[in-house]
Amino acid sequence: MTSTLQDLAGRVAVVTGASSGIGRASATLLAARGAKVALLARRQSALDELAAEIRAAGGQALALAVDVTDQAALDRAAATVRETWGCTDLVFNNAGVMLPGAIGQQDTAEWQQQIDLNISGAMRVIQAFMPQLEEAAAKGATVDLINTSSIAGQYLFPYFAVYSATKAYVSHLTRHLRIELGPKNIRVSMIEPGIVATELQDHVTFQGAKDWLANAAKTIDFLQPADVAQVVGFIVSQPKHVNLQQVVIMPTKEGV
């Protein structure tokens, strides 16, 4: 972490999916800018490594191994964050999985996993931390809820029907939440990235999608997690009365 900007000092942030990719890069950036960052993901060893890096750079981090599909575990994590640092005022609801496949031929477990994590998991995170966000806003703090969606939530891609539908849910959910939570002084945002070079692609098992990604990599400079993290940092650094509801970030050469 090289940033000397400390504009987020005093804020308490939670990042899900923090063990890799966009979540890891965003947690690192938020900590570099002064936020206390709770790192949530399933892999304790990866979280411990990231927390150590953040602390070595002078930041504050708390590593909490949590499966976001487990409401009780999320509720315990929320309580731990509050006991450690006080009310959470920034949630980056980022955990997700991408498993494209042909409808009727895909393993049931793969499409179910996408629904459980991308939809139910995202809702469970909101459920766990909303009381703290509301309390922080009532006390006058700047408060942010950011959901990670995808450009796939807007456009049509063969074999991505379930993944795209889960991200369309996240995008529309975000729009509705803003109407409900904006009057409470809680900013609600979504980011909709195009192709990002992350571990998500390593989980793809469907050969048609694997071939498409491999061919795309020959002509497109994929976004890097740090590119998306910069967008997250920009959203949360706006004046309190400014809410960027929807940010689409695409590789320059990716056409849709």
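Residues numbered from 1 in each chain as written. Predicted model: local features only at pLDDT ≥ 70, side-chain atom pairs only at ≥ 80, totals over all residues. Heavy atoms only, no water.

(A) Structural detail: the pattern of salt bridges. Summed over the entire model, instances satisfying the criterion amount to nine salt bridges. Residue glutamate 49 pairs with arginine 24 through a salt bridge whose shortest N-O separation is 3.7 Å. Of this pair, glutamate 49 sits in helix α2 (residues 44-56) while arginine 24 is found in helix α1 (residues 21-32), placing the two residues 25 residues apart along the sequence. Of the charged contacts in the structure, one is a salt bridge between glutamate 53 and arginine 24, with a shortest N-O distance of 3.2 Å. Here the residue glutamate 53 occupies a position in helix α2, and arginine 24 occupies one in helix α1, the gap between them amounting to 29 residues. Judged by its relative accessible area of 22%, arginine 24 is partly exposed. One network of salt bridges, with partners in common, ties together Arg11, Asp89, Asp144 and Arg187. (Salt bridge = Lys/Arg side-chain N within 4 Å of Asp/Glu carboxyl O. Helix = DSSP H or I, 4+ residues; strand = E, 2+ residues; numbered from the N terminus. Buried < 20%, exposed > 50% of the residue type's maximum accessible area, 1.4 Å probe, protein only.)

(B) The arrangement of α1 in detail. The end-to-end C-alpha distance of α1 is 17 Å, a good match for the 16 Å that twelve residues give at a rise of 1.5 Å each. Most of α1 is tucked away, with ten of its twelve residues classed as buried. Residues Gly21, Ile22, Gly23, Ala25, Ser26, Ala27, Leu29, Leu30, Ala31 and Ala32 constitute the buried set of α1. Where α1 terminates, the next one or two residues include glycine 34, which has phi positive at roughly 105°. (Expected span 1.5 Å × (residues − 1).)

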